[in-house]
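Summary of the model geometry
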Amino acid sequence: MNNNLSSLRVRDIGEQGLLERLQRFCPPDIIGDDAAVLETLPNQSLIVTTDMLIDGVHFSDVTTSPEDAGWRAAAANLSDLAAMGATPVGITVGLGLPADVTVSWVERLYQGMTECLSKYHVPIVGGDIVRSPITTLAITAFGQANPNFIIRRSTAQVGDAIVITGIHGASRAGLELLLNPEIGQNLKTEAKAALITAHQRPNPRLDVLPILWKIVESQSKIQNLKSKITVAGMDSSDGLADAILQICRASQVGAVIEFSKIPLSSAFKNWLTPEKSLEYALYGGEDFELVLCLPPETALALVQNLGTGAAIIGTITPGSNVILHHEKAEIPDQVLSLSQGFQHFAQAGFPRPFH
C-alpha cells in the first residue's frame, strides 16, 4: 500500500471526501440522496434513512434536555423522509450509552422521540442498546412512496425556481441564545422563546408533501403534459447553502440565489447585523425546511399555498457555480462552496459550535 495513502487521516479529506470513497462500496443508483430507495411492490418504494447524533456534537446538557434531544433526533430522520417525498411508517433506535447514564435520562430521551413521532403516527419498531464511552443515538427511519412521486437531488433543470418552505437561521440563533444567555437582551420574550424552540423542537415538513403533489398533479393535467412535473430537492438540515450546493452538484447545474429574497426571522432585525443574519440563514443548519427545485409556475403556486416563510429565492442556471447575488451594485456577487458550511472533520475546529 502506498505510504501516503496509508497515513491519510479522515480529517485530511473531510466528510465529503470520505463519503466519496465509501460510495464505491454501494450501488450507484441507490445512494446520493437523503435516503435510499428500494423497490418492493409495483406501486410502492421503501425509503430508508439513518442519522447519528453524538453527545457533544449534536446535543449537550447545556442546550438540550433529554426530551429535546429525542425530539430532534426523530425530527431529523422524518425530515429526510419528507425530503424524499415519502410517508414515514416506523423507526428503529440504536443507542450507545456509558454505564453511568441514569435510567431517567434514557426514558426522557425516548419520551421526546415519541412526542415528535406521535404527531405523524409513527411507531418505534425496534433497535439495539450497547455500552459506549460516549452517548450515541442512531435512528433508522422507514418510509414509503409512490415511485412516480419521489424527490431526488439529481433532477433539477435549468430554469427551475428554487423554493424554500420556511425561514432559515432561526435554529442557529436559538442555539446562540442557549449558549450565551446574556446576548439578545433587546429581544422580546416571545421572540427569544420562538428562536429557542426552533432549535430544540424543529418540525419536519411532512405537511408540505400533500400540498406539493396536489399542485403537481393539477398543473400536469392543465398543461396536458405527457410526464409528471419533476421536483428536485432535499432538506436543509446542514444549512441552506449546503442544500442548494448538493442539489446543483448532483444535477450538474448551477444556481443564482437572490440575497434580498431569502426570508429572515423578524427577530433578527434589531439584534443581528445583516452579515450575521445571512451567515445564520445560509450556514446555520438544522432548520429542517425543504429546498425544492421545480418549474416557476409550480413554484409560485406552492409558495402561495404554503404562506408565511415560504419563498422563491433563486433560479437553476447552466454551469456549476452557485452564486449569491446582491441587488446593490457595490456588493460583489459571491460564489458559494461546500467548504463554507459545517464540516464534521474540519481540521481547525467546527465552523459552528457544539450543540
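Keep in mind that this is a model prediction, so the values were computed, not measured.

About the thresholds
- Residues numbered from 1 in each chain as written.
- Predicted model: local features only at pLDDT ≥ 70, side-chain atom pairs only at ≥ 80, totals over all residues.
- Heavy atoms only, no water.
- UniProt positions renumbered as here; feature names shortened; annotations may be inferred.
- Helix = DSSP H or I, 4+ residues; strand = E, 2+ residues; numbered from the N terminus.
- Contact = heavy atoms within 4.5 Å.
- Domains from an automatic or database assignment.
- Buried area = accessible area lost by both parts, 1.4 Å probe.
- Salt bridge = Lys/Arg side-chain N within 4 Å of Asp/Glu carboxyl O.
- Nonpolar A, V, L, I, M, F, W, Y, C, P; charged D, E, K, R; others polar.
- Core = buried A, V, L, I, M, F, W, Y, C linked by side-chain atoms within 4.5 Å.
- Buried < 20%, exposed > 50% of the residue type's maximum accessible area, 1.4 Å probe, protein only.
- Phe/Tyr/Trp six-rings, centres within 6.5 Å; stacked < 30°, edge-to-face > 60°.

Moving on, we get to the UniProt feature "binding site: Mg(2+) 3" (unreviewed entry) in the chain. Per the UniProt record, "binding site: Mg(2+) 3" (unreviewed entry) is annotated on Asp-34, Asp-80 and Asp-235. The greatest C-alpha distance among the annotated residues, which extend across 202 residues, is 7.8 Å, indicating that they converge on a single site. The topology assignment puts Asp-34 in the loop between α2 (10–22) and β1 (36–41). Among all residues touching Asp-34, those that are not within four sequence positions of it are Thr-49, Asp-80, Ala-83, Met-84, Arg-153, Gly-233, Met-234 and Asp-235.

All right, on to the domain arrangement of the chain then. The domain boundaries assigned to the chain delineate domain 1 (22–145) and domain 2 (160–335). Taking only C-alpha atoms, the centre of domain 1 and the centre of domain 2 are 23 Å apart. Each partner contributes residues to the interface: domain 1 has 20 residues there, and domain 2 has 19 residues. Roughly 1,800 Å² is buried in total at the junction of domain 1 and domain 2, and carbon and sulfur atoms are behind 54% of that figure. Here Asp-68 makes a salt bridge to Arg-201, at a shortest N to O gap of 2.7 Å. Broken down by element, the side of domain 1 that touches domain 2 gets its largest block of residues, eleven residues, from helix α3 (residues 66–83). Looking at the side of domain 1 that touches domain 2 residue by residue, the classes come out as ten nonpolar, three polar and seven charged.

Once that is clear, we can look at the nonpolar core. Residues Ile-47, Leu-212 and Leu-302 are the most contacted members of the largest nonpolar core, which totals 54 residues. Examining the composition of this core, we find that nine residues originate from one element, α3, more than from any other. Counting residues domain by domain, this core receives three or more from each of domain 1 (22–145) and domain 2 (160–335). Sequence-distant contacts of Leu-302, defined by excluding residues within four places in its chain, comprise Val-163, Val-208, Ile-211, Leu-212, Ile-215, Leu-292 and Leu-294.

Aromatic ring pairs: the centre-centre distance and the angle between the two ring planes describe each pair. This structure, assessed with the given rule, holds four aromatic pairs. In this structure an aromatic cluster arises from ring pairing among Phe-268, Trp-271 and Tyr-280.

Time to look at the environment of Pro-210. Along the polypeptide, Pro-210 turns up in helix α7 (residues 208–222). The exposure class assigned to Pro-210 is exposed, which follows from its relative accessible area of 56%. Taking C-alpha positions, Pro-210 is 9.3 Å from Gly-85, a pair spaced 125 residues apart along the chain.

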